[in-house]
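Okay, here's what each chain looks like letter by letter:
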Amino acid sequence: MTLQHQHITLSELQQRIKQAVEGALPLPVWVVAEVSELKVNYSGHCYMELVEKQESAKGGTPIPRAQVRAVIWRSQYAMLAPYFEAQTGSRLGAGMKIMAKVVVSYHELYGLSLQITDIDPSYTLGEVERQKQMTIAQLKADGVWDMNREQTLPYLVQRIAVVSSAAAAGYRDFCNELRDGGYAIIYTLFDAVVQGAAAEESICTALEEVARQQEHFDAVVLIR
């Protein structure tokens, strides 16, 4: 004899989850998280993975504590992206910590996600400054903060190694200033990723390449 359990369909279960989640959070909320991945597709929608990390118990690489998918629809992204870049001087990208206004949604096929409707650039600026001060403190503790000042420069710096991204606005401004300055200054670009999670390794690789050719340069300029 087969026992027939009382049951509901999977779609009915998903509907109940959707109603519970969206009913518990009917209004937008401000959330702080790190952008771990970002992709703008052909239609102009921006898809992200947001993550919250916690320090490893052994002081190693931080480990994820929470993670969720997020989207900025095309109409919103077209306004938010240029405003964020104008206020922070950086494009919205992976590796950044942001404060975003989100609407929580649940889809029967795709699960939980967040729809981002606004981003506060002042939070990211504050986080950048905090990270900068932490880096300066660490450099001082390691005894390397004053090393750059101890180097002697030629009276006229004419050969410059530039570590930057070829697409960076700051690099273009730097080149324009040199061209308009009236001096015969030669600069060589060592292209590197200067934003996001890949920046550290990319910048270090570029600097190592500059070091191998150091006899050809008077100075190194790093532009983010």
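Note: the structure precedes this text.
Here we summarise the structure given alongside this text. (Residues numbered from 1 in each chain as written. Predicted model: local features only at pLDDT ≥ 70, side-chain atom pairs only at ≥ 80, totals over all residues. Heavy atoms only, no water.)

### As for the nonpolar core
Core analysis: the biggest nonpolar cluster contains 21 residues, and Met48, Leu50, Ile72, Leu92, Ile98, Ile116 and Ile119 have the highest contact counts within it. Among the secondary structure elements, those contributing two or more residues to this core are strand 1 (29-40), strand 2 (46-54), strand 3 (63-72), helix 2 (74-88), strand 4 (97-107) and strand 5 (111-119). Those residues in contact with Leu50 that lie beyond four places of it in its chain are Ala33, Glu34, Val35, Ser36, Ala66, Gln67, Val68, Ala70, Ile98, Leu114 and Ile116. (Core = buried A, V, L, I, M, F, W, Y, C linked by side-chain atoms within 4.5 Å. Buried < 20%, exposed > 50% of the residue type's maximum accessible area, 1.4 Å probe, protein only. Helix = DSSP H or I, 4+ residues; strand = E, 2+ residues; numbered from the N terminus. Contact = heavy atoms within 4.5 Å.)

### Here we look at the packing of helix 2 against helix 3 (residues 121-141)
Two elements in contact, helix 2 and helix 3, have axes separated by 9 Å at closest approach and are oriented at 40°. Judged on the interaxial angle alone, helix 3 and helix 2 are oblique. As for how helix 2 packs across helix 3, the hand of that crossing is right-handed. Taken together, the residues of helix 3 that come into contact with helix 2 (itself represented by Tyr83, Phe84, Gln87 and Thr88) are Pro121, Thr124 and Leu125. (Axes fitted to C-alpha atoms, helices over the stretch in contact; angles between N-to-C directions. Parallel < 35°, antiparallel > 145°, perpendicular 65-115°, else oblique. Left-handed = near helix turned anticlockwise from the far one by under 90°.)

### Here's the deal with the pattern of salt bridges
Inspection of the entire model under this criterion finds eight salt bridges. The residue Glu209 makes a salt bridge to Arg212 at a minimum N-O spacing of 2.7 Å. A residue pair is termed a helical-turn pair when its members lie 3 or 4 positions apart in one helix, as Glu209 and Arg212 do in helix 5 (residues 199-212) at three residues. (Salt bridge = Lys/Arg side-chain N within 4 Å of Asp/Glu carboxyl O.)

### Some words on the sheet that holds strand 6 (residues 159-164)
Within the open sheet, the three strands sit side by side as 7-6-8. Their pairing is parallel. With partners counted over all chains shown, the strands left at the sheet margins are strand 7 (186-191) and strand 8 (219-222), one partner each. Along the sheet, successive strands turn relative to each other by an average axial angle of 25°, direction set aside. Packed on one face of the sheet, helix 4 (residues 169-180) meets strand 6, strand 7 and strand 8 and runs near 170° to strand 7. Across the sheet, helix 5 lies against strand 6, strand 7 and strand 8, angled at about 160° from strand 6, the strand it touches most. (Pairing = 2+ DSSP bridges.)

### Describing the packing of aromatic side chains
Going through the model one piece at a time under the given rule, you end up with two aromatic pairs. A ring pair is formed by Tyr47 and Trp73, whose centres lie 6.5 Å apart and whose planes are at 90°; its orientation type is edge-to-face. Note that Tyr47 is positioned in strand 2 and Trp73 in the loop between strand 3 and helix 2, a separation of 26 residues in sequence. Between Phe190 and Phe217 the ring centres are 5.7 Å apart and the planes differ by 75°, which places this aromatic pair in the edge-to-face class. (Phe/Tyr/Trp six-rings, centres within 6.5 Å; stacked < 30°, edge-to-face > 60°.)

### Description of helix 5
The end-to-end C-alpha distance of helix 5, which contains 14 residues, comes to 20 Å, matching closely the 20 Å that a straight helix rising 1.5 Å per residue would cover. Every buried residue of helix 5 is listed here: Ala199, Ser202, Ile203, Ala206 and Val210. Down the axis of helix 5, the smallest arc covering the buried residues is 95°, so these residues share one side. In helix 5, those exposed residues whose orientation departs by more than 90 degrees from the buried face are Glu200, Glu201 and Arg212. Summarising the contacts, the buried residues of helix 5 are in contact with strand 6, strand 7 and strand 8. (Expected span 1.5 Å × (residues − 1). Arc of directions from axis to C-beta.)

### Topic: the environment of Arg159
Looking at the secondary structure, you find Arg159 in strand 6. Accessibility expressed as a relative area gives 32% for Arg159, which makes it partly exposed. Residues Arg159 and Phe217 lie 58 residues apart in sequence; the distance between their C-alpha atoms is 4.9 Å. Non-local contacts of Arg159, meaning those with residues more than four positions away in its chain, are made with Ile186, Glu215, His216, Phe217, Asp218 and Ala219. A distance of 3.3 Å separates the side chain of Arg159 from the backbone oxygen of Glu215, its partner in a polar contact. (Polar contact = N/O pair within 3.5 Å; in protein donor to acceptor, adjacent residues only side chain to side chain.)

### A look at the sheet that holds strand 3
Read around the closed barrel, five strands run 1-2-3-5-4, paired in mixed fashion. Each strand of the sheet is rotated relative to its neighbour by a mean of 55°, with strand direction disregarded. Where strand 2 meets strand 3, nine bridges bridge the pair, whose relative direction is antiparallel. The residue bridging Gln54 from the neighbouring strand is Ile63, located in strand 3. Lying over the sheet, helix 3 contacts strand 1, strand 4 and strand 5, oriented at roughly 130° with respect to strand 4.

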